[in-house]
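Read off the chains here:
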Amino acid sequence: MKKYFNYIIVIFLITSCKENLKSKNNTNDITNEKLSMGDIPNENTKYDTIYTINSADNTKLINDLKTKLEKVNFTFEERKNRGGLSYNNCEENSVKLISGNGIREYFARSKKPEKGTKDFYPDFVIWVYEFPTNDIAKQNFDILEKALNSAGQFCNGKSPEKIVINGNEVFHLGTRAEMFRTYTEKYGEIIKNYR
């Protein structure tokens, strides 16, 4: 009887050690967990920098877009460059930083309130990231789009966002309210299909 009792104790100790080791591995390995916006950055987050470059002949699309917006009673102005955004990728536990002199930011705001309201004026922001070639732009577009869409499109916040590519430029359109999503969608498609 004493012999069986010793075997039971040994088996109990072995299984409890395995379980303890298993739970330690799970708590320390945050990369295996599903992350959300609040979980990044953490001690395991990887940082990558995407570099942009400015060229002299990069304003035709934006100038044509400005003309279209002004025809429908929007103001459209370039903002002083504050640098690019950073993009969280919750699936990779990484942050993509945008850097370089090929970053431009524009702000569009309607002069008329949204239909059915008295004081809600539609507005949106466009960040432009310029790259040396179309291929490099496409590679970086894929990286940014994947990050922006990670965690069900909630890894970077809940405001409406759209990212499109045209030639060697990536355009990120964002607005502050769900009711203005139609503008980022509409003008994002115009930018994407511009020739």
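Cut-offs used in this document
Residues numbered from 1 in each chain as written. Predicted model: local features only at pLDDT ≥ 70, side-chain atom pairs only at ≥ 80, totals over all residues. Heavy atoms only, no water. Core = buried A, V, L, I, M, F, W, Y, C linked by side-chain atoms within 4.5 Å. Buried < 20%, exposed > 50% of the residue type's maximum accessible area, 1.4 Å probe, protein only. Helix = DSSP H or I, 4+ residues; strand = E, 2+ residues; numbered from the N terminus. Contact = heavy atoms within 4.5 Å. Expected span 1.5 Å × (residues − 1). Arc of directions from axis to C-beta. Axes fitted to C-alpha atoms, helices over the stretch in contact; angles between N-to-C directions. Left-handed = near helix turned anticlockwise from the far one by under 90°. Nonpolar A, V, L, I, M, F, W, Y, C, P; charged D, E, K, R; others polar. Phe/Tyr/Trp six-rings, centres within 6.5 Å; stacked < 30°, edge-to-face > 60°. Pairing = 2+ DSSP bridges. Salt bridge = Lys/Arg side-chain N within 4 Å of Asp/Glu carboxyl O.

1. A short note on the nonpolar core
Formed by 20 residues in total, the largest nonpolar core has its most connected members in Phe124, Ile126 and Phe171. Among the elements that make up this core, the one with the highest residue count is helix H2 (residues 60-71) (four residues). Here phenylalanine 124 is in contact with Leu69, Phe74, Tyr106, Phe107, Ala108, Leu173, Gly174, Thr175, Tyr183, Thr184 and Tyr187, once residues within four sequence places are set aside. Counting residues in each nonpolar core, the second largest holds 17 residues, with Phe107, Tyr129, Ile163 and Ile165 among its members.

2. Concerning H2
Here H2 is twelve residues long and its end C-alpha atoms lie 17 Å apart, about the 16 Å a rise of 1.5 Å per residue gives. Among all positions in H2, only Leu61, Ile62, Leu65 and Leu69 are buried. Buried positions in H2, seen along its axis, are confined to an arc of 90° and lie on one side of it. Within H2, the exposed residues directed more than 90 degrees away from the buried face are Lys60 and Lys71. On its buried side, H2 packs onto strand E2 (74-79), strand E5 (103-110), strand E6 (123-130), strand E7 (161-166), strand E8 (169-174) and helix H4 (181-193). Just downstream of H2 lies asparagine 73, where phi reads positive at about 65°.

3. Regarding the packing of H2 against H4
Each pair of packed helices can be summarised by the angle the axes make with each other and by the distance between the axes. One can describe the packing of H2 onto H4 by two numbers: an axis separation of 11 Å at closest approach and a directional angle of 140°. Here H2 and H4 pass one another in a crossing that is right-handed. Facing Leu61, Leu65, Lys68 and Leu69 of H2, the residues of H4 in contact are Tyr187, Ile190 and Ile191. Looking at the contact of H2 with H4 residue by residue, the classes come out as six nonpolar, no polar and one charged.

4. Topic: the packing of aromatic side chains
This structure, assessed with the given rule, holds seven aromatic pairs. Here phenylalanine 74 and tyrosine 187 contribute two aromatic rings whose centre-to-centre distance is 6.5 Å and whose plane-to-plane angle is 65°, an arrangement assigned as edge-to-face. Within this pair, whereas phenylalanine 74 is found in strand E2, its partner tyrosine 187 is found in helix H4, the two being separated by 113 residues in sequence. For tyrosine 187, a relative accessible area of 3% translates into the label buried.

5. Section: the sheet that holds E2
Spatially, E2-E5-E6-E8-E7 is the arrangement adopted by the five strands of the open sheet, whose pairing is antiparallel. Among the strands making up the open sheet, the edge pair consists of E2 and E7. Strand-to-strand twist of the sheet, defined as the mean angle between neighbouring strand axes without regard to direction, takes the value 20°. The sheet contact formed by E5 and E6 spans seven bridges and is antiparallel. Across the sheet, residue arginine 109 finds its bridge partner in E6, namely aspartate 123. Across the sheet, helix H3 (residues 134-153) touches E6, E7 and E8, and the angle it forms with E7 is around 170°. Most of the contacts of H4 go to E7, to which it runs at about 10°, and overall it touches E2, E6, E7 and E8.

6. Things to note about the pattern of salt bridges
According to the stated counting rule, one finds 14 salt bridges in the structure shown. Taking the shortest distance from any N to any O, the salt bridge between lysine 96 and glutamate 92 comes out at 3.4 Å. On the basis of relative accessible area, glutamate 92 is assigned to the partly exposed category, the value being 32%. Across the pair glutamate 189 and lysine 192 runs a salt bridge, and its minimum N-O distance is 3.7 Å. Of this pair, glutamate 189 and lysine 192 are both found in helix H4, three residues apart, which corresponds to roughly one turn of the helix. Judged by relative accessible area, which is 30%, glutamate 189 ranks as partly exposed. By sharing partners, the salt bridges in this structure join Asp48, Glu92, Lys96 and Lys146 into a single network.

Shape is all these values report; function is a separate question.
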